[in-house]
Amino acid sequence: MYRSRSATRITLTIALLVATMLTARGEETGVSNDAILFGQAAALEGPSSALGQRMRQGIVAAFTEVNAKGGVHGRKLQLLSRDDGYDPDRSVAQTLRLIEDDKVFALIGAVGTPTAVATIPITSARGVPFIGPFSGAEFLRDLELSNVVNIRASYGAEAEAWIKHLTEDRHFTRIGIFYQDDAFGRDGLTGVKRALAKRGLELAAEGTFERNTRAVASAWRMLKRAEPEAIAMVGTYGPCAEFIKLAHRSGFHPTFVNISFVGAVALAGELGPEGEGVIVSQVVPFPWDRSLGLVADYQAAQKAFDPALTPDFVSLEGYLSGRLAAAALEKAGPNPTRAELLRVVNEIGSFDISGNIVTVGPRMIDTPPKVFLTVIQKDGTFRAVDRL
């Protein structure tokens, strides 16, 4: 069939316009016509796997809830998780894979300080949003890192809460520390020393252990000699539980105070009856308090995603991260870009998530996230406390 040159030009022009419009709508990495892809590099297997798995569960529960309501501007939120084993080198490899091969829009729910130290330069150089890292490291709160979206309190704030209660409620003066010998542990160490110095005190003793191990005997011997009244613990649930059980077997019962990163429910599970009286600081609301709108929505979303799951501090933090990402995307408009998402987050700085106000970016300086203390009960449940 004969077709004139002008008709051919018109057909080609229309085809180019259609292609351009389709490209314009899906040109941002990780954004298609019907979905937005997020990536997570975290410990999903190995000795710290409960942390990555529960962060993932919370994020997916939030995304499932949002998607059931039509998604964000018609797009469904998806999560691709890759295991980094809580190892910095593996985290770099998985982060690069998510960004360059999987072409995710943003990263969310990363777990750990040493892994963040290794991967933040990668994400910052590429302008990739780094949302809700499960870490309270001080360096992540540097306002120069405009691609990092924190929702939790810093480890320094947790350390201040510990020392305030140990010295003012218990009137302890001999306080030791057991910490992971890396960037995470040293961040906690700095916070504890700073909080003690404010009160004219110094550490009674220090003991360290290596990441991804339960080799805690030498640390215990170092601390036991000082006979501290309390021991601050900066580690994951496995080695911290091992240390507490070793102390109990030795007939020594100082007050143990753990950082939120420990994974409170996993710690209680490891300790069993020996967990009674162990303190864990928290940076998210109490996940069993259904009088809070956020917690009621979280529990409902978790049940809809997987009825077998039970409430947990870590998965609630993942849920908050997922809901925050959705709220920011909603305000970023129907054609989201990484840059626009980060602009919205840093300029608005305050988001109402089911009645719970989450402050991010520069606003965290004036309205820092809350820290509160919980105590493990004999049956492994938790009780929130205002005073020790």
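Since the model is a prediction, treat every value here as computed from it, not as a measurement.

Undergrad: I tried to follow the sheet that holds strand S3 (residues 106-108) on my own but got confused; where do I start?
TA: Strand pairing in a sheet relies on backbone hydrogen bonds, with the paired strands running either antiparallel or parallel. An order of S2-S1-S3-S4-S5 is seen for the five strands of this open sheet, with the pairing classed as parallel. The open sheet terminates on both sides in strands that have one partner only, identified here as strand S2 (76-83) and strand S5 (148-149). Where strand S1 (residues 35-42) lies against S3, two bridges are found, and the strand directions are parallel. Directly across from Phe 38, in S3, lies its bridge partner Ala 106.

Undergrad: Mind showing me how you'd approach the nonpolar core here?
TA: The tendency in soluble globular proteins is for nonpolar side chains to be buried as a group. In terms of nonpolar packing, the biggest core is built from 105 residues, with Phe 38, Phe 178, Phe 243 and Leu 267 touching the most fellow members. It is helix H11 (residues 313-332) that provides the largest number of residues to this core, a total of 11 residues. For this core, the two domains that each supply at least three residues are domain 1 (35-153 + 288-354) and domain 2 (155-282 + 372-384). When near neighbours in sequence (up to four residues on either side) are disregarded, Leu 267 contacts Tyr 237, Cys 240, Ala 241, Asn 258, Val 262, Val 278, Val 280 and Ile 376. Of all hydrophobic cores here, the second largest spans 16 residues; its members include Leu 98, Ala 116, Ile 120 and Phe 130.

Undergrad: Help me out: how do you make sense of the UniProt feature "domain: Leucine-binding protein" (unreviewed entry) in the chain in this one?
TA: With numbering matched to this structure, UniProt assigns "domain: Leucine-binding protein" (unreviewed entry) to residues 39-352. Counted over residues 39-352, helix gives 48% and strand 15%. Its end C-alpha atoms are 24 Å apart.

Undergrad: Help me understand the packing of H11 against helix H12 (residues 338-348), please; the structure alone is not making it clear to me.
TA: When two helices pack together, their arrangement is given by the angle between their axes and by how far apart the axes lie. The contact between H11 and H12 brings their axes to 9 Å, and the two run at 105°. Comparing their axes, H12 and H11 come out roughly perpendicular. Packed against H11, whose contacting residues are Ala 325, Ala 328, Leu 329, Lys 331 and Ala 332, the element H12 presents Glu 340, Leu 341, Val 344, Val 345 and Ile 348 at the interface. Residues that form the contact of H11 with H12 fall into these classes: eight nonpolar, no polar and two charged.

Undergrad: Help me out: how do you make sense of the environment of Thr 113 in this one?
TA: Counting through the fold element by element, Thr 113 comes out in helix H4 (residues 113-126). Of the residues examined, Thr 113 reaches a relative accessible area of 2% and is grouped as buried. Filtering out sequence-adjacent residues up to four positions away, Thr 113 remains in contact with Ser 135, Ala 137, Phe 139, Tyr 155, Ala 183 and Phe 184.

Undergrad: Can you help me understand the sheet that holds strand S6 (residues 175-180) in this one?
TA: Taken in spatial order, the seven strands make up an open sheet running S7-S6-S8-S9-S10-S13-S14, and their pairing is mixed. Only two strands of the sheet have a single partner each, and these edge strands are strand S7 (205-209) and strand S14 (382-385). Strand-to-strand twist across the sheet, computed as the mean angle between neighbouring axes with direction ignored, equals 25°. In this structure, strand S13 (residues 372-376) lies alongside S14, joined through four bridges in antiparallel fashion. By the bridge assignment for S14, Leu 373 is matched with Val 385. Relative to strand S9 (residues 255-258), helix H8 (residues 237-249) is tilted by about 180°, and along the sheet it contacts S6, S7, strand S8 (230-234) and S9.

Undergrad: Please clarify how the pattern of salt bridges should be interpreted in this entry.
TA: Counting across every chain of the model gives 18 salt bridges. Between Asp 182 and Arg 211 there is a salt bridge; the shortest N-O distance is 2.8 Å. Pair noted here: Asp 182 is in the loop between S6 and helix H6 (183-197) and Arg 211 is in the loop between S7 and helix H7 (217-226), with a separation of 29 residues, a long-range link. With relative accessibility at 21%, the residue Arg 211 sits in the partly exposed group. Between Arg 343 and Glu 340 there is a salt bridge whose closest N-O contact spans 2.7 Å. Of this pair, Arg 343 and Glu 340 both sit in helix H12, separated by three residues, roughly a single helical turn. Put simply, Glu 65, Lys 69 and Arg 323 are held in one network by salt bridges that share partners.

What counts and how
- Residues numbered from 1 in each chain as written.
- Predicted model: local features only at pLDDT ≥ 70, side-chain atom pairs only at ≥ 80, totals over all residues.
- Heavy atoms only, no water.
- Pairing = 2+ DSSP bridges.
- Helix = DSSP H or I, 4+ residues; strand = E, 2+ residues; numbered from the N terminus.
- Core = buried A, V, L, I, M, F, W, Y, C linked by side-chain atoms within 4.5 Å.
- Buried < 20%, exposed > 50% of the residue type's maximum accessible area, 1.4 Å probe, protein only.
- Domains from an automatic or database assignment.
- Contact = heavy atoms within 4.5 Å.
- UniProt positions renumbered as here; feature names shortened; annotations may be inferred.
- Axes fitted to C-alpha atoms, helices over the stretch in contact; angles between N-to-C directions.
- Parallel < 35°, antiparallel > 145°, perpendicular 65-115°, else oblique.
- Nonpolar A, V, L, I, M, F, W, Y, C, P; charged D, E, K, R; others polar.
- Salt bridge = Lys/Arg side-chain N within 4 Å of Asp/Glu carboxyl O.

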